[in-house]
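The lines below spell out each chain.
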Amino acid sequence: MEISYPGAVAPEKSRFVRSLGLRLHVVEWGDERATPVLLTHGFYDHARSFDTLAPRLAERFRVLALDSRGHGDSDWPDAYSWLADVLDVVNVLRDIGRPTHIVGHSRGGGLATDAALLFPEGVLRLVNIDGFGPPPTGWEAEGMRRYEGTVPELLAAFFDWRRTNVERRSFRPSPSLDELAARRRQQNPRLSLEWLRYFAFYGAREIEGGFVWKVDPYAARGFGPWRPEWIAPAWRRLRMPMLALWGDQPDAWGLPDPWRSERLAHVPALERAVVAGAGHFLHIEKPAETARLVVDFLGRT
Amino acid sequence: MKRLASGRYEIALHELRPGPGPVLLALHALGGGAHDWTGLAAHWLGRVYALDFAGHGGSDWARGGSYTPELHAADADTALAELGEAPLAELGEACLVGAGLGAYVALLLAGARPARVAAALLLPGRGLDGGGPAPRPFDPGEELNADVWRMLAAREITPRPAFDPMLRGCENDPRPPDYARPFADAARRLLFAEDGGARPPWWEAARGAQRAERAPADAAAALAVLSSAAR
């Protein structure tokens, strides 16, 4: 079975990079001799979510995309922490072996930003696509937002959830890839069914009873309590320029103002650009416009 | 020593003092182990258990190296549940003692499980000793960058070190002190061993809670105060 989507190009290469004992899946487009760009995807996405952005960047750069631990074709860890995910990005940068631009979307934008703080000598420029963290009303990682209660109660809920769900290998299967895509569309109504079918083709696997996302169910509850605004103040130490990108359409997954402006105020060398007619997934909704802004920014080194 | 399945790995639970009486679960400091409590166990009137945190001693290293105080607290919660099911258990609840990282974990567990934890004694020690209003781990100056490289390098060498160097991610508190306070407010009884020495900001914030008490600096004497909470 094959699948296609307008403008989507499959990566030319695929390999694994070791990080903290895990095998992380990295795919690649473009000329190996060109300046590298590393793409880091968002929560519950995978590297192939860049199949429409990456080929546009690959006209000029060597483009690599990482499957985060627990996502796509990368290994699943025993537990999750923000620091370990950031060190995975650092380890991929070390594996690339030369200074690299990073472009991260959503949670991947936050990871890219913190990797740039920990490994500034490995990062040329940074693009953060609507990856400024959830609003402060949510205490938890994105998957925990719906849980109400005091912080100690939330931690007790995490204990209970971990005890009963840690061995789960998947969520409920969908009978077909089409239905899996349709279910995803309820969460991401701005994305077309055609794209989500393409996305599911590479992001799902078949088990008895149907299709499930490759993502580790534990990844949704593994972070423990966390507040992203605790880390934004550290962005003042970023040594490279950052381009902050977002779409002008309201989207439940993006971070609206005033929080976005409050957090970005910490970045010393900041540029901002807004993509018209797009929501949180601007690189998928408007790949040509997003690529143009990214190439223009990265090209100014 | 008994190995318990907790999450996706196993942790080692040591019985340091058998017999009837109230249960004490001891939680060691960063880089320590259950054996740290051998001397102190004699000062408790009931049973004493001690946990090796994941990445330490007889417990597994977490595959992928993701350690957080919340994860250690989940493991300690597993140990508490196991103790509650033991045939000799006379109590549905236990007391906790923790040092450093273990003290922070005891605070989290006492706040998250007030029905299971009668009281917790917090002692100074290594781990979670930094932090403050400006979060440390992602506020990296040169020093922290060097720490990260040491951590990565140490995890790549053989033979492997005595404890997982990724645990150094638990050295500093990435949360502002107001994160600790609701746990202190929810806990039934907290004893803070005070010797006049400096304490991390989370400690200062937690000991402002209504049911927080000062305890003697001497650990054995503090344990005697704790045992009164167990009866």
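Predicted model, so just to flag it, every value in this text is computed and none were measured. Per-chain numbering applies: the sequence of each chain, read as written, is numbered from 1 onward. Chains carry letters and ligands carry numbers; both start at the beginning, A for chains and 1 for ligands, and go up in the order they are written. For a predicted model such as this one, the threshold for reporting local features is a pLDDT of at least 70, and the threshold for listing and counting side-chain atom pairs is 80 or more; totals across whole chains, interfaces and linings nevertheless cover every residue.

Focus on the overall build of chain B
Note the following rule: Per the convention used, a helix needs a DSSP run of H or I reaching at least four residues, while a strand needs a run of E reaching at least two, with both numbered from the N terminus. Here contacts are defined at the residue level, using C-beta atoms placed from the backbone and a cut-off of 7 Å between them.
Each helix and strand in chain B was counted, giving seven helices and eight strands. Considering only residue pairs separated by 6 or more positions, chain B has 71% of its internal contacts joining residues 24 or more positions apart.

Concerning the packing of helix 5 (residues 177-187) of chain A against helix 6 (residues 193-203) of chain A
Residue and element names in this part refer to chain A. Put simply, the rule reads: What counts as an axis is a line fitted to C-alpha atoms, over the stretch in contact for a helix, and the angles between N-to-C directions run from 0 to 180 degrees. Note on convention: the crossing is left-handed when the near helix lies turned anticlockwise from the far helix by less than a right angle, right-handed when the turn is clockwise. Three classes are used: nonpolar for Ala, Val, Leu, Ile, Met, Phe, Trp, Tyr, Cys and Pro, charged for Asp, Glu, Lys and Arg, and polar for all others, with Gly counted as polar.
The geometry of helix 5 relative to helix 6 is characterised by a closest axis approach of 8 Å and an angle of 120 degrees between their N-to-C directions. In the crossing of helix 5 with helix 6, the sense of the turn from one axis to the other is right-handed. The residues of helix 6 that touch helix 5, namely those facing L177, D178, L180, A181, A182, R184 and R185, are L193, L196, R197, A200 and F201. Of the residues belonging to the contact of helix 5 with helix 6, the class tally is eight nonpolar, no polar and four charged.

Re helix 5 of chain A
Spelled out, the test is: Burial is judged by counting other C-beta atoms within 10 Å of a residue's own C-beta: 20 or more means buried, 12 or fewer means exposed, and anything between counts as partly exposed, with every C-beta placed from the backbone. What the arc describes is the spread of directions from the helix axis to the C-beta atoms.
Of all the residues in helix 5 of chain A, the buried ones are L177(A), L180(A), A181(A) and R184(A). An end-on view of helix 5 of chain A places all buried positions within 100 degrees of arc, on one side of the element.

Structural notes on the interface of chain B and chain A
Each partner contributes to the interface: chain B provides 37 residues, whereas chain A provides 31 residues. Residue assignment for the side of chain B that touches chain A shows that the elements contributing at least two residues are helix 2 (69-85), helix 3 (101-112), helix 4 (142-156) and helix 5 (181-186) of chain B. Sort the elements by how many residues they give to the side of chain B that touches chain A and helix 2 of chain B lands first, with five residues. Partitioning the side of chain B that touches chain A into residue classes produces 21 nonpolar, eight polar and eight charged.

Some words on the sheet that holds strand 8 (residues 212-215) of chain B
Residue and element names in this part refer to chain B. Stated precisely, the cut-off is as follows: Should DSSP find at least two bridges between two strands, the strands are regarded as paired.
With respect to topology, eight strands assemble into an open sheet ordered 1-2-4-3-5-6-7-8, the strand pairing being mixed. Edge positions in the sheet fall to strand 1 (2-6) and strand 8, since each of these pairs with one other strand and no more. Neighbouring strand axes in the sheet, compared pairwise and without regard to direction, differ in orientation by 25 degrees on average. Across three bridges, the pairing between strand 6 (residues 117-123) and strand 7 (residues 190-193) is parallel. Directly across from L121, in strand 7, lies its bridge partner L191. Taken strand by strand, helix 3 contacts strand 3 (23-27), strand 5 (94-99), strand 6 and strand 7, and its axis lies near 150 degrees from that of strand 5. Running at roughly 170 degrees to strand 6, helix 7 (residues 219-230) makes contact with strand 5, strand 6, strand 7 and strand 8 of the sheet.

Quick word on the sheet that holds strand 4 (residues 62-66) of chain A
All names here are of chain A. Read across the open sheet, the eight strands follow the order 1-2-4-3-5-6-9-10; overall the sheet is mixed. Both outer strands of the open sheet, strand 1 (13-19) and strand 10 (270-275), are each paired with one neighbouring strand and no more. Taking the axes of each pair of neighbouring strands and ignoring which way they run, one obtains an average angle of 25 degrees across the sheet. Sheet topology note: the strand 2 (residues 22-29)/strand 4 ladder contains four bridges and is antiparallel. In the sheet register, V26 faces strand 4, and the bridge partner there is L66. Contacts between helix 2 (residues 82-96) and the sheet are confined to strand 1, strand 2, strand 3 (36-40), strand 4, strand 5 (100-105) and strand 6 (123-129), with strand 1 contributing the most and set at about 120 degrees to the helix. Set on the sheet, helix 3 (residues 107-118) makes contact with strand 3, strand 5 and strand 6; between it and strand 5 the angle comes to about 150 degrees.

Examining the environment of W161(A)
One can find W161(A) in helix 4 (residues 151-165). Here the alpha-carbon distance between W161(A) and Y218(A), two residues 57 residues apart in the chain, equals 9.3 Å.

Section: the confidence of the model for chain A
Applicable threshold: The predictor attaches a confidence to each residue, called pLDDT, with possible values from 0 through 100.
Of all residues in chain A, 93% have pLDDT values of 70 or greater, and the mean over the chain is 91. When the criterion is pLDDT under 50, residues 138-146 of chain A qualifies, and its contacts beyond four places in sequence or with other chains add up to 19 contacts.

Examining the environment of S192(A)
All names here are of chain A. As for its position among the elements, S192 is in the loop between helix 5 and helix 6. Look at S192 and you get partly exposed, because 14 C-beta atoms sit within 10 Å. Spatially, the C-alpha atom of S192 lies 9.4 Å from that of A182, the residues being ten residues apart in sequence.

Some thoughts on the nonpolar core
Residue and element names in this part refer to chain B. We apply this condition: We define the nonpolar core as any set of buried residues of the types Ala, Val, Leu, Ile, Met, Phe, Trp, Tyr and Cys, connected via C-beta atoms lying within 7 Å of each other.
Core analysis: the biggest nonpolar cluster contains 167 residues, and L25, L107 and A120 have the highest contact counts within it. Sorting elements by how many residues they give to this core places helix 3 first, with ten residues. Residue contacts for L107: discarding those within four places in its chain leaves A120, L122, A180, F183, A184 and A206.

Notes on unusual backbone geometry
With an omega of 10 degrees, the peptide bond running from D257(A) to P258(A) counts as cis. Along the chain, the position of P258(A) falls in the loop between strand 9 (242-247) and helix 7 (259-264). The omega angle of the peptide bond from T158(B) to P159(B) is -5 degrees, so this bond is cis rather than trans. Turning to its location among the elements, P159(B) is positioned in the loop between helix 4 and helix 5. Located in the positive-phi region is L20(A), a residue other than glycine, with phi close to 50 degrees.

As for the pairing of strand 6 of chain A
All names here are of chain A. This is how the line gets drawn: Classification remark: right-handed applies to a crossover when, strands pointing away from the viewer, the course from the first strand over the helix to the second runs clockwise.
In terms of burial, strand 6 is largely enclosed, as six of its seven residues are buried. Viewed along the sheet, the connection from strand 5 through helix 3 into strand 6 turns out right-handed. In terms of strand pairing, strand 6 meets strand 9 through four bridges, oriented parallel. Looking at strand 9, one finds that N128 is bridged to A244.

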